[in-house]
Amino acid sequence: MGFREFVDGIRIVKDPISVKYDMKIASESTGNEPLLFSEIIESPGQRAVTNILTRHRLCEAFNVEPGELIDILSWAMENPSDTVLVEADSAPVLENKMERTDISVLPIPRHYREDGGRYQSSSIIVAQHGMQRNTSFHRQLLKGPDRTTVRLVPRHLRTMADQAFENNEDVPIVAVSYTHLRAHETREDRVWRRLRGK
């Protein structure tokens, strides 16, 4: 199951909705059920979803109990899959492109009045410095059409950035938003299922 299939069948909000607070309000008013917003005032032609990747829904997708999820994630980190190189001309992630970068047109919400602006809630930053690579989740504050900022807490990415700064070097990064969830059974899934006796 991919991300698009994960969205199939969820409630569609067809009323015009703003990225400023409305998505959060709509989510809370439904008890935080999964929602697809199809008419976003500030982002014509764009759609957005919320509450898609909850623990409950992930457990359903992987057919596991909530108490098993952390063990499965731990096992997966210890037993990574081989990387599969996908050619750019057939990569689903590249189906939607911008000729000129302007991320301000994306339906990036502002949830709280106290926030400094609109945030991408769970973007992934992949960084590399020297022989070290790091992948981590960060809220990204929209600062302009081609600029965001993140808060680096004292962990791996912060250490890499500090080391690079000391050496007057850059840290190449890729920011990934709106990722595609891969939830079909893999070799690792079959091994884990056998280990659990299912």
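That block above? That's the structure.
Chains are numbered independently. Their residues run from 1 in the order of the written sequence. Local features in this predicted model are restricted to residues whose pLDDT is 70 or higher, and side-chain atom pairs enter the listing and the counts only when it is 80 or higher, whereas totals over whole chains, interfaces and linings include all residues. Values reported for side chains reflect all heavy atoms of the structure, with hydrogen atoms and water molecules removed beforehand.

Asker: What is the right way to read the environment of Ser29 from this model?
Answerer: The numbering of helices and of strands both runs from the N terminus, where a helix is a DSSP run of H or I of at least 4 residues and a strand a run of E of at least 2. As for its position among the elements, Ser29 is in helix α2 (residues 22–29). For every residue, the accessible area obtained with a 1.4 Å probe (protein chains only) is divided by the maximum for its type, and the residue is called buried under 20%, exposed over 50%, and partly exposed between those limits. Given the relative accessible area of 62%, Ser29 is considered exposed. Separated by 2.8 Å, the side chain of Ser29 and the backbone oxygen of Ala26 make a polar contact. Contacts described as polar in this section are N or O atom pairs within 3.5 Å, which, within protein, must combine one atom able to donate a hydrogen with one able to accept it, while residues neighboring in sequence count only if both atoms come from side chains.

Asker: Please clarify how unusual backbone geometry should be interpreted in this entry.
Answerer: The phi angle of most residues is negative, glycine excepted, and most peptide bonds adopt the trans form. Backbone geometry places Tyr21, a non-glycine residue, at a positive phi of 75 degrees. Along the chain, the position of Tyr21 falls in the loop between β1 (11–13) and α2. Under the relative-accessibility criterion, Tyr21 is labelled buried at 17%. The residue Asn51 is not glycine, and still its phi comes out positive at about 60 degrees. Relative to the helices and strands, Asn51 is located in the loop between β3 (48–50) and α3 (55–62).

Asker: Help me understand the pairing of strand β4 (residues 119–129), please; the structure alone is not making it clear to me.
Answerer: In summary, the side chains of a regular strand alternate between the two faces of the sheet. Whether two strands pair comes down to DSSP finding at least two bridges between them. Sheet topology note: the β4/strand β5 (residues 132–144) ladder contains nine bridges and is antiparallel. Paired with His129 across the bridge in β5 is Gln132. Between β4 and β5, which follow one another and run antiparallel, lie two residues, and Gly130 among them has a positive phi close to 65 degrees.

Asker: Is there a simple way to explain the nonpolar core in this structure?
Answerer: Looking at soluble globular proteins, one finds that nonpolar side chains tend to be buried together. In this description, a nonpolar core means a group of buried Ala, Val, Leu, Ile, Met, Phe, Trp, Tyr and Cys residues linked to one another through side-chain atoms lying within 4.5 Å. Core analysis: the biggest nonpolar cluster contains nine residues, these being Val13, Ile17, Val19, Met23, Ala26, Leu35, Phe37, Ile40 and Ala48. In terms of nonpolar packing, the next biggest core, distinct from the first, is built from six residues, Ile10, Leu36, Ile52 and Leu58 among them.

Asker: Would you mind going over the sheet that holds β3 with me for this structure?
Answerer: For sheets, the rule is that strands pair by backbone hydrogen bonds, running either parallel or antiparallel. The three strands lie next to each other as β1-β2-β3, forming an open sheet whose pairing is mixed. The open sheet has two edge strands, β1 and β3, and neither has a second partner. Neighbouring strand axes in the sheet, compared pairwise and without regard to direction, differ in orientation by 25 degrees on average. Across three bridges, the pairing between β1 and strand β2 (residues 35–37) is parallel. What sits directly across from Arg11, in β2, is Leu35. Working rule for contacts: check all heavy atoms of both residues, and any pair within 4.5 Å makes them a contact. Orientation is described by axes fitted as lines to C-alpha atoms, over the contacting stretch for helices, and by angles from 0 to 180 degrees between their N-to-C directions. Across the sheet, α2 is in contact with β2 and β3; its angle to β2 comes to roughly 150 degrees.

Asker: Which parts of the structure should I look at to understand the pattern of salt bridges?
Answerer: Oppositely charged side chains can form a pair if their charged atoms are brought close together. Any Lys or Arg side-chain nitrogen found within 4 Å of a carboxyl oxygen on Asp or Glu counts as a salt bridge. One pass over the full model with this rule turns up four salt bridges. The partner of Asp115 in a salt bridge is Arg139, and the shortest N-O contact between them spans 3.3 Å. On the criterion of sequence distance, the pair formed by Asp115 in the loop between α4 (66–78) and β4 and Arg139 in strand β5 is long-range, its members being 24 residues apart. Accessibility expressed as a relative area gives 38% for Arg139, which makes it partly exposed.

Shape descriptors only; they carry no functional weight alone.
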